[in-house]
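Each chain is listed here by its residues.
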Amino acid sequence: MKPSQLTRPELFACRNLRVGISGRAILPAIGLTIKSGQFWAVVGRNGAGKTTWLKTLVGLLPPITGSVHSAPDVRVSYLPQRSGLDDLYPLLAREVVSLGAERGWSFLGPWGGRGRREQAERALDEVGAQDLAERPFRSLSEGQKQRVLFARLVAGDAEVAILDEPTSAMDRVAEREAFELIRKLQADHGLAVLVVSHYLSIVREFADRALLLDADAEQVVVGTPKQVFEHPAFRKRYGEGEVTNG
């Protein structure tokens, strides 16, 4: 952990929170607390409400009812499902990482001076991607792009890392490497990590807390991965063998 970074035990709390779109709730009330150092896995089928909950957690969507409480000035790095960033902007990998160090950055603004460049290079070095610094982001492989985005997280000195399907375009080998890197960054920086993933065997191995969301069945289950995977709502949705095979 960085000596300058003080961990706070409670970073987010969802209190009787119902999330939804256009004023309509899509899930039952959610109650949970996210603490420093926890590794949360958010699981559920497509359309289960995972991204809606994440966006509500970070303030991109308003709660339908209930509330989200956060620690004062909590530093959050939110990596949404892959967008067209790499296709729309001809950025170098180093420039993508530099965005993580900004507060209120803009693509129209200057890229900053030596300090920001050095910060980006240190972050790239930490995730083993220093050789990618001067390459166009859009030319990288999916695994390389994700490493650059993890470096952006490091550059932002985040307390909470929220990753929405960060390995969806990777093969199993690259996916495992990505989760191992996430766990290393969590340990080195005292991060709370929230990851949306469909790979249940990986979730069971890496996460210490799990959240099952199921909008169709109107179910929310919170606990350890073992507790969630053994819950009747999970078994009904996924069956008996998918955790092992997923």
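Note on numbering: residues in each chain are counted from 1, in written sequence order. Only residues with pLDDT of at least 70 are given local features in this predicted model, and only at 80 or more are side-chain atom pairs given and counted; all residues enter the totals for whole chains, interfaces and linings. By convention in this description, side-chain values take in all heavy atoms of the structure and omit both hydrogens and water.

> Where do I start with the overall build of the protein in this structure?
The secondary structure content of the protein amounts to ten helices and eleven strands. Working definition: with a 1.4 Å probe on protein chains only, accessible area under 20% of the residue-type maximum means buried, over 50% means exposed, and in between means partly exposed. A buried classification covers 47% of the 246 residues belonging to the protein. The long-range share in the protein, meaning contacts at least 24 apart out of those at least 6 apart in sequence, stands at 70%. Put simply, the protein shows about 11700 Å² of open surface, and 48% of that area lies on carbon and sulfur atoms. Helix and strand assignments follow DSSP, with helices taken as H or I runs no shorter than four residues and strands as E runs no shorter than two, numbered in order from the N terminus. In this description, contact between two residues means that some pair of their heavy atoms is separated by no more than 4.5 Å. Residue burial considers only the protein chains on display, and all accessible areas are found by Shrake-Rupley using a 1.4 Å probe.

> Would you take a moment to explain the packing of aromatic side chains for this structure?
Working definition: rings of Phe, Tyr and Trp (its six-membered ring) pair if their centres are within 6.5 Å, and the pair is stacked with planes under 30 degrees apart, edge-to-face with planes over 60 apart, and tilted otherwise. Per the counting criterion, the structure on display carries four aromatic pairs. Between Phe-179 and Phe-206 the ring centres are 5.6 Å apart and the planes differ by 45 degrees, which places this aromatic pair in the tilted class. Placement of the pair is Phe-179 in helix 6 (residues 172-189) and Phe-206 in helix 7 (residues 200-206), with a sequence separation of 27 residues. Residue Phe-179 shares its accessibility class with Phe-206, and that shared class is buried. With 4.7 Å between their ring centres and 35 degrees between their planes, Phe-229 and Phe-234 make a pair best called tilted. Three or more aromatic residues joined by ring pairs make a cluster, and in this case those are Phe-39, Phe-179 and Phe-206.

> Please clarify how the sheet that holds strand 11 (residues 219-223) should be interpreted in this entry.
Strands belonging to one sheet form pairs held by backbone hydrogen bonds; the direction of such a pair is parallel or antiparallel. Two strands form a pair only when DSSP identifies at least two bridges running between them. Spatial strand order, 7-8-9-5-10-11: six strands in an open sheet with mixed pairing. Both outer strands of the open sheet, strand 7 (76-79) and strand 11, are each paired with one neighbouring strand and no more. Between one strand and the next, the sheet's axes are offset by a mean angle of 10 degrees, whatever the strand orientation. Note that strand 7 and strand 8 (residues 160-164) share four bridges and pair parallel. Note on strand 8: the bridge partner recorded for Val-76 is Val-160. In this analysis, axes come from line fits to C-alpha atoms, helices being fitted only over the stretch in contact, and the angle between any two N-to-C directions falls in the range 0 to 180 degrees.

> How do you make sense of the pattern of salt bridges when you look at a structure like this?
Salt-bridge detection follows one rule: a side-chain nitrogen of Lys or Arg within 4 Å of a carboxyl oxygen of Asp or Glu. Inspection of every chain in the model, using the stated rule, returns nine salt bridges. Residues Lys-145 and Glu-142 are paired through a salt bridge, measuring 3.9 Å at the closest nitrogen-oxygen approach. Taken together, the positions of Lys-145 and Glu-142, both in helix 5 (residues 142-155) and three residues apart, correspond to about one turn of that helix. Among the ionic pairs, Asp-188 bridges to Lys-184, the shortest N-O distance being 2.6 Å. With Asp-188 and Lys-184 both in helix 6 and four residues apart, the pair spans about one turn of that helix.

> I tried to follow the side chain of Gln-38 on my own but got confused; where do I start?
By the secondary structure assignment, Gln-38 is in the loop between strand 4 (30-35) and strand 5 (39-43). Take Gln-38: its relative accessible area is 15%, and that puts it in the buried class. Other than its neighbours up to four places away in sequence, Gln-38 contacts Thr-33, Gln-186, Leu-191, Ala-192, Val-193, Asp-208 and Arg-209.

> What should I look at first to understand empty space enclosed by the protein in this one?
Over the atoms, a rolling probe the size of a water molecule traces out where space has been left empty. The definitions used throughout rest on a 1 Å grid laid over the protein atoms alone, on which a cavity is an enclosed set of points accommodating a 1.4 Å probe that cannot get out and a pocket is an open set flanked by protein within 12 Å on both sides along at least five of seven lines; lining residues are those having an atom within 4 Å of a point. Grid points are joined across faces, edges and corners, and a volume is the space filled by probe spheres set on the points. Tallied over the full model, the rule gives five cavities of 30 Å³ or more. Size it by volume and the largest cavity reaches roughly 50 Å³. Residue lining of the largest cavity: ten residues in total, with Leu-79, Pro-80, Gln-146, Asp-164 and Pro-166 positioned closest to the centre. At the level of elements, helix 5 and strand 8 are the ones that each hand at least two residues to the lining of the largest cavity. For the lining of the largest cavity, the per-class residue count stands at five nonpolar, two polar and three charged. Note that Gly is not counted as nonpolar here; it falls among the polar residues with everything else outside the nonpolar set of Ala, Val, Leu, Ile, Met, Phe, Trp, Tyr, Cys and Pro and the charged set of Asp, Glu, Lys and Arg.

> Sorry if this is basic, but what is going on with the packing of helix 5 against helix 6 here?
Two numbers describe a pair of packed helices, the interaxial angle and the distance between the axes. Relative orientation of the contacting elements helix 5 and helix 6 amounts to 10 degrees, with a least axis distance of 11 Å. On the basis of their axis angle, the class for helix 5 and helix 6 is roughly parallel. Facing Arg-147, Phe-150 and Val-154 of helix 5, the residues of helix 6 in contact are Ala-178, Leu-181, Ile-182, Leu-185 and His-189. Within the contact of helix 5 with helix 6, the residues separate by chemical class into six nonpolar, one polar and one charged. Angle categories are assigned with fixed cut-offs, so that under 35 degrees is roughly parallel, over 145 is roughly antiparallel, 65 to 115 is roughly perpendicular, and the rest are oblique.

> I'm lost on unusual backbone geometry in this one. Help?
Peptide bonds are mostly trans, and most non-glycine residues show a negative phi. Even without a glycine there, the phi angle at Asp-157 is positive, about 55 degrees. In this fold, Asp-157 is placed in the loop between helix 5 and strand 8. One non-glycine residue with positive phi stands out, namely Glu-218, at about 55 degrees. Structurally, Glu-218 is set in the loop between strand 10 (209-214) and strand 11.

These figures capture arrangement, not role.
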